[in-house]
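The lines below spell out each chain.
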Amino acid sequence: MSDSFPFSDYSQLREWHSGIQTANRNNIFCHCRSCGYEWVDSSTKAVCTQCGSKDVEHISCWQFPDD
């Protein structure tokens, strides 16, 4: 592995990716820029369920403190 690779092997990288997927489950705030609808989803590729727009802002809620 190169010195810039932060994991000792690829299994650690897969474990890290799995942890991010778990943290994102039902924890992605979505805001439709077309109609203004807001909801929480598990995907950063979610499409607006109200108007069908793909112009959706996605924010991982776990990145922000609860207080």
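Residues numbered from 1 in each chain as written. Predicted model: local features only at pLDDT ≥ 70, side-chain atom pairs only at ≥ 80, totals over all residues. Heavy atoms only, no water.

### With respect to the side chain of S53
Its place among the elements puts S53 in the loop between β2 (38–41) and β3 (56–60). Residue classification places S53 among the buried positions, given a relative accessible area of 13%. One polar contact links S53 to S34, side chain to side chain, over a distance of 3.0 Å. For S53, the side chain forms a polar contact with the main-chain nitrogen of D55, separated by 2.9 Å. Setting aside chain neighbours within four positions, we find S53 in contact with C32, S34, V47 and C48. (Helix = DSSP H or I, 4+ residues; strand = E, 2+ residues; numbered from the N terminus. Buried < 20%, exposed > 50% of the residue type's maximum accessible area, 1.4 Å probe, protein only. Polar contact = N/O pair within 3.5 Å; in protein donor to acceptor, adjacent residues only side chain to side chain. Contact = heavy atoms within 4.5 Å.)

### Description of the pattern of salt bridges
On inspection of all chains with the given rule, the structure shows one salt bridge. Linking D55 and R33 is a salt bridge whose minimum nitrogen-to-oxygen distance equals 3.1 Å. In this pair, D55 sits in the loop between β2 and β3 while R33 sits in the loop between β1 (28–32) and β2, placing the two residues 22 residues apart along the sequence. (Salt bridge = Lys/Arg side-chain N within 4 Å of Asp/Glu carboxyl O.)

By themselves, these figures tell us nothing about what the structure is for.
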